[in-house]
Amino acid sequence: MTRRKKTRSLADKVTIRTGKRKDYKKWRHENPDQVTSSRRFTQKKRQQRKLQAARKLARQAQGEGIAIHPEPTSTSSEERDE
């Protein structure tokens, strides 16, 4: 006959949601449809994304256009032919 190991923690034995972190994590995992982000968090993230997009546009506008395939000028093409 094997003996059951004594446990000091009652957290595993609790079936109701008590507010402890372990219970809350378990509840969130079991009820993903009831878990939503707070309004403050979503507003903050939306604002961050707007700022990020504005910075990106500013960087793109600031940078000079680089001519990857520049049009050959008439003087350079004449020099090649000679």
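Since this is a predicted model, take the numbers as computed values, not measurements.

(A) Structural view of the overall build of the chain. When its secondary structure is counted, the chain shows three helices and zero strands. Listed by position from the N terminus, the elements making up the chain come as α-α-α. By the burial criterion, 2% of the 82 residues in the chain qualify as buried. Carbon and sulfur atoms make up 49% of the accessible area of the chain, which totals about 9,200 Å².

(B) Structural detail: helix α2 (residues 39-62). With 24 residues, α2 extends 35 Å from end C-alpha to end C-alpha; this agrees with the ideal 34 Å at 1.5 Å per step. Among the 24 residues of α2, zero are classified as buried, and the element is accordingly described as predominantly exposed.

The rules behind each value
- Each chain carries its own residue numbering, running from 1 in the written order of its sequence.
- The predicted nature of this model means local features are confined to residues of pLDDT at least 70 and side-chain atom pairs, given and counted, to a pLDDT of 80 or more, with totals for whole chains, interfaces and linings taken over all residues.
- To obtain the side-chain values, all non-hydrogen atoms of the structure were included, while hydrogens and water were left out.
- Each helix is a run of H or I in the DSSP string that is no shorter than four residues. Each strand is a run of E no shorter than two, and both are numbered from the N terminus.
- Only protein chains enter the accessibility calculation, which uses a 1.4 Å probe; a residue is then buried when its area is under 20% of its type maximum, exposed when over 50%, and partly exposed in between.
- Computed by Shrake-Rupley with a 1.4 Å probe, the accessible areas treat only the displayed protein chains as cover when residues are assessed.
- To estimate how far a helix should reach, multiply one less than its number of residues by 1.5 Å.

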